[in-house]
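# Structure at a glance
Listed below, chain by chain, are the residues.
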Amino acid sequence: MGCATSERAPVAASHWAAYAPDASLEAELARARGLAGRGHVAAAAGELWDLTAREPRFLEAHRLLQDLLVVSPADWSLRRAYAERLAANPDDPDSLYLAARIAPLRERQVDLFEAVLARAPTHAHARVGQALALQRAGDIEGALDVAERAGRDAPWLPTPWLFMGYLTLGRANWEVAARCFSEAGHRDPADARAPLGQMAAAENGGQMRAAGTAAVRALRLAPGDEGVLAGAVGVLMRAGVPSLLREAVEVLESERQHVAHPAFVEAELGRLHLALGNGEAARRLLVRANEQRIVAGELALPLRRAHTLAGDYVAAVEAGLAAIPRGGMDESSVYRDRWRALFDAAHAASTETPDSRQLLRLAEAMLAVGWRREAQVVLARAAATAPADKEVRDRAVEERAFDRFLEDVAVIGRRIRDDVRADRGSPSVREVLHEIGLASAARLGVNLTAGATVRTYPFLGEFSASQVSDGAFAHEFDRRGLLLLVGERRGEGLQVMAGRIVAVRPGIEETVRGDELSLDEVWLETQDLPEGLGGLRLGLAGLTLDRLVLLQLDAILRSPRRIDAGLEVEPRPAFDTRERRALDTPSAVAWRIEQQLAAEGLLTDAFFDTVRRHELGHVRDARRMLPVQRHPLRSLGLLLEHGFDGRAIEQTLEARAQLTSLVDSAEPRAALSALLAFLPETDGRTAHAAGYVRAVREAIRIVDEDPVAFPSLDRNYNLLQQMDRLTDDEIRELGHRLLDQF
């Protein structure tokens, strides 16, 4: 890799050598980037439209404009403008390059990048585009070689180094990735992507102070970008360096009046104060953010911790309860009594001078629902109240040892993840359970994986979950309100995941597409567990293992994706079948559906229900096909239909599960939003994306061919853009027809 030995170039030359914009134009670009970094996307786009119209050769301004708008309601306007530019300049390398950047199909991108390089062999931007196409095709070494050549052709350009950084980051080569991002940052100190990359490389390499330092730099550059905010603040909290936490607080305090959406900045400020131990400041900021309609599920954890630090235990429990979806506290949940005990203990300990026994009871109740950090605060207060109380002291020592054990498990999980990324393979589930057992024996004097049950599922993978095992593996995690999962989705590498259990609902009876099913559900929250343990891989919000359904609440219960005023949808006219059915300009239709549901106060319940219904679709499929020996014809038929291709089978199963949600969800618009959310991605790089895109293509064909059944859509315009206009009945009808195809 050339990242370690590259030739440093003047920062000012962040453009083509043949085109040197003057300082005033560079200042305009910097202003637009600053607006975008503060969340003022529409204003930034407006300035960039003007700048690129006046200076059509200013590629960096074009690139930022495209980045802001290509996945937005204004995507059709953007694509049309660049198509017109290319039509007017069909042989111009820059026009070809800019058209390639936003081409939705990888094959089209490859053709355009090759056309650029045929005319301008040293066009480094196009060379990076060619490298990206190679990466998507699976040729990582080829992608690195091409990107390195781009860096040599244009040594002043940051883009090749950013690309090489993220590519090596994905291969777990942390030191090389960090050097690449450092090179990119030298070339363009105003681009937040470089410090974000340095942050990720440093954290994955275990250098938490360096990660925190990079996080502060990223916050300075983009304090109103929600993605930067959440990622940087999360790293700062995990690093736990007081001076960096205070520096980040100063940055966000100075910027929160200038960002587009102050509530999100206030929420992250609250988290930072929480990490500094400033309970009252954290509570004030988080309560205000919550009042500004950030979804309760996103703020439940920091709010309850802030209330606990402030000594308001009842408010802490109420914050936790507010984020539990309906059904979590009904008679089907075996954790209902734990939450009642927690509420009672919080009331008992809320006197002016609670005694050590009241505080110990509260800490035990917190531990029973996985509230480990809150319990530590309360145990410390109990010890301060009665220093000679041996039971309190012993309990605190025991749970500190368990926390060290969880850190050991996280180290195991991170090592396995890095090996998978670096193509070094991964151990079996049983081998990992053995290693975790040795760690628990060393820390706790007992093998906590004793009694683990390992299950293998055709087409899916191999898993062991504490909640459906026996012995110490089941008991010791469950009594602490935790679930530990060790497993491998077929072809994706093994993962170790932990979660705090919010609800356990065994033996739930459901009817799914006419079939009576019995299943077990576990609702989890995974944020703020040791890095490497929290969360299902690949952004999954749910996972089904035969009849066991895991629902990850903190991935489900989120605020709607934001659409800035001023980014309007321009209807795309359709003069033929191809234009009516095109998928390349969804105009943020999934986001617009979310906004509808949020305005009606339905979003949180709708999100939860649609994910749950998706997983119930998987339960139905499992019941109809597993075990294979009981359903040989049905299972063999699926295998034959897909040519014994496991990935193709998984794509179909994922699409079918989401179509089941489309039919069965209480709010089918939420299920439709999830189905459309991957667009304009049509490469299908994951089983979910590939299955969903296939289903969407078929959906557009169905609504196009039967205008009588779907009267909400105007066939004079692109149909995908209008999918938010479908009624609930139309969506369900569409779901039934699609299920006939899957």
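Procedures and definitions
- Residues numbered from 1 in each chain as written.
- Predicted model: local features only at pLDDT ≥ 70, side-chain atom pairs only at ≥ 80, totals over all residues.
- Heavy atoms only, no water.
- Helix = DSSP H or I, 4+ residues; strand = E, 2+ residues; numbered from the N terminus.
- Rg over C-alpha atoms; globule rule 2.2 N^0.38 Å.
- Buried < 20%, exposed > 50% of the residue type's maximum accessible area, 1.4 Å probe, protein only.
- Contact = heavy atoms within 4.5 Å.
- Areas by Shrake-Rupley, 256 points an atom, 1.4 Å probe, with all protein chains shown as cover.
- 1 Å grid on protein atoms, 1.4 Å probe; cavity = no way out; pocket = protein on both sides within 12 Å on 5 of 7 lines; lining within 4 Å.
- Points joined across faces, edges and corners; volume = space filled by probe spheres on them.
- Nonpolar A, V, L, I, M, F, W, Y, C, P; charged D, E, K, R; others polar.
- Pairing = 2+ DSSP bridges.
- Axes fitted to C-alpha atoms, helices over the stretch in contact; angles between N-to-C directions.
- Parallel < 35°, antiparallel > 145°, perpendicular 65-115°, else oblique.
- Left-handed = near helix turned anticlockwise from the far one by under 90°.
- Phe/Tyr/Trp six-rings, centres within 6.5 Å; stacked < 30°, edge-to-face > 60°.
- Lys NZ or Arg CZ within 6 Å of the ring centre and 35° of its normal.
- pLDDT = per-residue confidence, 0-100.
- Core = buried A, V, L, I, M, F, W, Y, C linked by side-chain atoms within 4.5 Å.

## Topic: the overall build of the protein
- Counting secondary structure elements, the protein contains 33 helices and seven strands.
- Its C-alpha radius of gyration of 27 Å places the protein within 12% of the 27 Å reference for a compact globule of 742 residues.
- By its C-alpha atoms, the protein is 80 × 60 × 50 Å across when sized along the principal axes.
- Here the protein holds 742 residues, and the buried ones make up 57% of them.
- Counting only contacts in the protein whose residues sit at least 6 apart along the sequence, the fraction spanning at least 24 positions is 65%.
- For the protein, the exposed surface amounts to about 29,500 Å²; the carbon and sulfur share of it is 51%.

## Side note on empty space enclosed by the protein
- Inspection of every chain in the model, using the stated rule, returns five cavities of 30 Å³ or more.
- Considered as a void within the structure, the second largest cavity measures approximately 130 Å³ in volume.
- Ala300, Ala323, Val502, Glu525 and Leu553 are, among the 15 residues lining the second largest cavity, the residues nearest its centre.
- Per element, the largest residue contribution to the lining of the second largest cavity is four residues, and it comes from helix H17 (residues 296-309).
- Residues of the lining of the second largest cavity, tallied by class, amount to nine nonpolar, three polar and three charged.

## Description of the pairing of strand S3 (residues 482-489)
- With seven of its eight residues buried, S3 lies for the most part within the structure.
- Examined bridge by bridge, strand S2 (residues 461-465) and S3 share five bridges and lie antiparallel to one another. Bridge pairing in S3 links Gly461 to Arg489.

## Considerations on the packing of helix H18 (residues 313-322) against helix H19 (residues 336-348)
- Direction vectors running N to C along H18 and H19 enclose 155°, while the axes themselves pass 8 Å from each other. If you check the angle between H18 and H19, you find them roughly antiparallel. Note that H18 runs across H19; the crossing there is left-handed. Here Tyr313, Val314, Val317, Glu318 and Leu321 of H18 come into contact with H19, specifically with Trp339, Leu342, Phe343, Ala346 and His347.
- By residue class, the composition of the contact of H18 with H19 is eight nonpolar, one polar and one charged.

## Description of the packing of aromatic side chains
- Applying the stated criterion across every chain, the model contains nine aromatic pairs.
- On the numbers, 5.9 Å between centres and 75° between planes, the contact of Trp339 with Trp371 is edge-to-face. Pair noted here: Trp339 is in helix H19 and Trp371 is in the loop between helix H20 (356-368) and helix H21 (372-385), with a separation of 32 residues, a long-range link. Note on accessibility: Trp339 and Trp371 belong to one class, buried.
- For the ring pair Phe473 and Phe477, a centre distance of 5.7 Å and an interplane angle of 80° mean the geometry is edge-to-face. On the criterion of helical spacing, the pair formed by Phe473 and Phe477 is a turn pair, its members being four residues apart in helix H24 (residues 471-478). For the pair shown, Phe473 and Phe477 are each scored as buried.
- Chaining the aromatic ring pairs together yields one cluster made of Phe402, Phe405, Phe473 and Phe477.
- Taking the ring centre of Tyr335 as reference, the NZ or CZ of Arg338 above it sits at 4.0 Å.

## Section: the layout of surface pockets
- Space inside the second largest pocket adds up to approximately 880 Å³.
- Lining the second largest pocket are 30 residues, and of these Arg373, Gln376, Glu407, Asp528 and Pro530 lie nearest its centre.
- Going through the elements one at a time, helix H11 (193-204), helix H13 (226-239), helix H15 (262-275), H17, H21 and helix H22 (390-421) are the ones with two or more residues in the lining of the second largest pocket.
- Of the residues assigned to the lining of the second largest pocket, the class counts are eleven nonpolar, six polar and 13 charged.

## A word on the confidence of the model for the protein
- In the predicted model, the protein carries a mean pLDDT of 91, and the fraction of residues at 70 or more is 94%.
- For the stretch residues 5-17, pLDDT sits under 50, and the model shows 34 contacts to residues farther than four places along the chain or on other chains.

## What to know about unusual backbone geometry
- Residue Pro680 follows Leu679 across a cis peptide bond; omega there is 15°.
- As for its position among the elements, Pro680 is in the loop between helix H31 (668-676) and helix H32 (687-705).
- Here Asp528, not a glycine, exhibits a phi torsion of approximately 70°, which is positive.
- Inspection of the secondary structure puts Asp528 in the loop between strand S5 (515-525) and strand S6 (542-545).
- On the accessibility criterion, Asp528 (25% relative accessible area) is partly exposed.

## Describing the nonpolar core
- If you look at the biggest cluster of nonpolar residues, it comprises 96 residues, and the most contacted ones within it are Leu342, Leu362, Leu485, Leu676, Leu720, Met723 and Leu734.
- Counting residues per element, this core draws most heavily on H32, which supplies eight residues.
- Core analysis: the next-biggest nonpolar cluster, separate from the first, contains 36 residues, Leu64, Leu65, Val116 and Ala126 among them.

## Concerning the sheet that holds S5
- An order of S1-S2-S3-S4-S5-S7-S6 is seen for the seven strands of this open sheet, with the pairing classed as mixed. What marks the edges here is a single partner per strand, and that holds for strand S1 (455-457) and S6. Across this sheet, the average inter-strand angle for adjacent strands is 35°, counted without regard to direction.
- Against the sheet, helix H23 (residues 429-444) touches S2, S3 and strand S4 (494-512), its axis set at about 145° to S3.

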